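# Structural description and commentary
Listed below are the residues making up each chain.
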Amino acid sequence: MTPGRGHIRWFRNTAPYINMHRGKTFVLMLGGEVAQHDNFSNIIHDIALLKSLGINLVLIHGARPQIAARLAAADVESVMHKNIRITDTAALEHVKDAAGSLRAQFEALLSMGLPNSPMQGARIRVCSGNFVTARPMGVVDGVDFQHTGKVRRIDVSGIHDQLNDGSIVLLSPLGYSPTGEIFSLALEDIAVNCAAAIGADKLILFGAEAGVTNRDGELIRQLAVSELENLTIQDTAQRTLLQTAQLACKQGVPRCQIISYQDDCALLEELFTHDGSGTLVANLDYEQSRQADIEDVGGILELIEPLEQQGILLKRSRELLEQEIHCFQLLERDSRIIACAALYPFPDESCGEIACVVTHPDYRGGQRGQRLLRELEQEARNQGLKRVFVLSTQTAHWFLEQGFAEHSRDELPDQKQALYNLQRNSKVFFKDL
């Protein structure tokens, strides 16, 4: 293969994601640590690329390490209560200094346009302003937090006006009151309230690690909000990011993604590749995905029977379905099965069959079939399978859209070939994992 063609093919494979993200609104939460890391300029370049691809961006930066450094240099004591800094009048001056300096750093980097650099021709317009109205945190446990505040209101129309005008909106960890006061705000408080208020499609959270890891140190690729209650995370920083994602999802943000600010290209990999680079937290509480059990047989039969009658699906008896029930994955809403799909592994051939991908007619159009397909593909990877295949008579185009390609039935596992129904003459599609 000619050098460079691998990159061209990778770029071609990003087209579905580029089309999917165009016109969407992403909020990016970047702690002050991000600006101190060597990878910061690369992140700025990637942000510029997202903007050039038609994505609306709101950047929210923190300044905790910068504030701490200024307080220490000025010999001003940093008083904390419940892990929240108490901002007195003396500390507020250093907070404003740190936040203003860091905001200027972001604006300067986003203004670059040097020839032979990733920013050449970017021409990015950045808008900062008084988009966050704050209120004092007040007295908690008898402790007066003084100039430390909380978000009271987000100027939604103001932010949307700037986004519609083609600007990146940049928010600092400061808020302003109608009486002209300035308050120091928590980065997470602004990120959650802003993402929820403006109807962001994603909240992207930057941490030191590549997402959230389990007790064995393995990266957790995807989590539903309902799974977080029983999840134990040892790392304090990861736990804070996960709690922020959980709160945002509960306030209506569909997806939160936790990625590393230390890994070059982590942002692009998360957004433009199938597996991503970090941890996705999805707001899917109202629709649960789970493995089927024997009590679900009746519900699955009710779901698939209309398609069996139309000849789209091969008819399954109750007895056969009871034997194969462990292969099925379900989407359930209000205790009702609204979608199903099955994975039949053939480990000797390192492949598996995806079958019976069905969504109830009342719930089509919400990419539920795609969601189950992705989950079963991930399960196939977990089982060490290299490929998955489907047999289809009437849904070929849908599987082609999901990355499958037509193959000869001679490539099917021997066991599957022996059961192939010549009368149905199903087409065979494979997908590499």
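Before reading further, recall that the structure is shown in the block above.
One structure accompanies this document, and this report is about it. (Residues numbered from 1 in each chain as written. Predicted model: local features only at pLDDT ≥ 70, side-chain atom pairs only at ≥ 80, totals over all residues. Heavy atoms only, no water.)

### Some points on the packing of aromatic side chains
Within the structure shown, the criterion is met by five aromatic pairs. A ring pair is formed by Trp398 and Phe399, whose centres lie 5.0 Å apart and whose planes are at 85°; its orientation type is edge-to-face. You can call Trp398 partly exposed: its relative accessible area is 25%. Three or more aromatic residues link up through ring pairs in this structure, and these residues are Phe346, Phe389 and Phe430. (Phe/Tyr/Trp six-rings, centres within 6.5 Å; stacked < 30°, edge-to-face > 60°. Buried < 20%, exposed > 50% of the residue type's maximum accessible area, 1.4 Å probe, protein only.)

### A word on the sheet that holds strand β21 (residues 336–346)
If you walk across this open sheet you meet the seven strands as β19-β20-β21-β22-β23-β25-β24, and the pairing is mixed. Each edge of the open sheet is held by one strand with a lone partner, namely β19 (288–291) and β24 (405–407). The sheet shows a mean angle of 30° between the axes of neighbouring strands, taken without regard to direction. When strand β20 (residues 328–333) meets β21, the two strands line up antiparallel, connected through six bridges. Residue pairing for β21: Leu330 is matched across the bridge by Cys340. Helix α11 (residues 297–309) rests against β20, β21 and β22 (351–359) of the sheet, and its axis sits at about 85° to β21. (Pairing = 2+ DSSP bridges. Helix = DSSP H or I, 4+ residues; strand = E, 2+ residues; numbered from the N terminus. Axes fitted to C-alpha atoms, helices over the stretch in contact; angles between N-to-C directions. Contact = heavy atoms within 4.5 Å.)

### Section: the environment of Leu242
With respect to the secondary-structure elements, Leu242 resides in helix α9 (residues 236–250). According to the relative accessible area criterion, Leu242 is buried, its value standing at 7%. Residues Leu242 and Leu280 lie 38 residues apart in sequence; the distance between their C-alpha atoms is 9.9 Å. In this structure Leu242 touches Val212, Leu223, Leu228, Leu231, Ile233, Ile258 and Val281, once residues within four positions along its chain are discounted.

### Considerations on unusual backbone geometry
Its identity as a non-glycine residue notwithstanding, Lys82 has a phi of 55°, on the positive side. On the accessibility criterion, Lys82 (60% relative accessible area) is exposed. The phi angle at Asn425 is positive, at roughly 55°, despite the residue not being glycine. Assignment of secondary structure puts Asn425 in the loop between α15 (414–418) and β25 (427–432).

### Looking at the pattern of salt bridges
Applying the stated criterion to the full structure yields 13 salt bridges. Of the charged contacts in the structure, one is a salt bridge between Arg290 and Glu332, with a shortest N-O distance of 2.9 Å. In this pair, Arg290 sits in strand β19 while Glu332 sits in strand β20, placing the two residues 42 residues apart along the sequence. The partner of Glu411 in a salt bridge is Arg387, and the shortest N-O contact between them spans 3.3 Å. (Salt bridge = Lys/Arg side-chain N within 4 Å of Asp/Glu carboxyl O.)

### Description of a positive patch on the surface
On the surface, Arg135, Lys150, Arg152 and Arg153 cluster together to form a positively charged patch. The element contributing the most residues to the positive patch is strand β9 (residues 149–154), with three residues. The residue Arg152 is located in strand β9 in this model. Among the residues examined, Arg152 registers a relative accessible area of 53% and is labelled exposed. (Patch = residues over 30% accessible without salt bridge, like charges linked within 9 Å, V, L, I, M, F, W, Y side chains within 5 Å. Areas by Shrake-Rupley, 256 points an atom, 1.4 Å probe, with all protein chains shown as cover. Lys, Arg positive; Asp, Glu negative; His and termini not counted. Charge placed at Lys NZ, Arg CZ, Asp CG, Glu CD.)

### As for the state of the cysteines
Taken as a whole and judged by the stated rule, the model has zero disulfides. Cysteine Cys194 is unpaired, with the sulfur of Cys127 as its nearest cysteine sulfur at 12 Å. Lacking any disulfide linkage, Cys351 is separated from the closest cysteine sulfur, that of Cys327, by 14 Å. (Disulfide = S-S within 2.5 Å.)

### Here's the deal with the sheet that holds strand β10 (residues 168–171)
Within the open sheet, the eight strands sit side by side as β5-β10-β2-β1-β13-β17-β18-β16. Their pairing is mixed. What marks the edges here is a single partner per strand, and that holds for β5 (126–127) and β16 (222–224). Taken together, the two bridges between β5 and β10 define a ladder with parallel strand orientation. Across the sheet, the residue bridging to Cys127 is Val169, located in β10. This element, helix α4 (residues 40–52), spans β1 (25–30), β2 (56–61), β10 and β13 (202–207) of the sheet and lies at about 155° to β2.

### A word on the environment of Leu391
Here Leu391 is to be found in strand β23 (residues 387–392). Leu391 sits 40 residues away from Cys351 along the chain, and the two C-alpha atoms are 14 Å apart. Sequence-distant contacts of Leu391, defined by excluding residues within four places in its chain, comprise Glu353, Leu412, Lys416, Ser426, Lys427 and Val428.

### Concerning the pairing of β23
Here β22 runs beside β23; their pairing, made up of three bridges, is parallel. Bridge pairing links Cys351 to Arg387 in β23. Note: β23 against β25, six bridges, orientation antiparallel. Looking across to β25, one finds that Val390 is bridged to Phe429.

### Overview of α4
Residue pairs three or four apart in sequence face the same way in an α-helix, which turns once every 3.6 residues. The end-to-end C-alpha distance of α4, which contains 13 residues, comes to 19 Å, matching closely the 18 Å that a straight helix rising 1.5 Å per residue would cover. Residues of α4 that are buried: Phe40, Ile43, Ile44, His45, Asp46, Ile47, Ala48, Leu50 and Lys51. Looking one or two residues beyond α4, the residue adopting positive phi is Gly54, at roughly 90°. (Expected span 1.5 Å × (residues − 1).)

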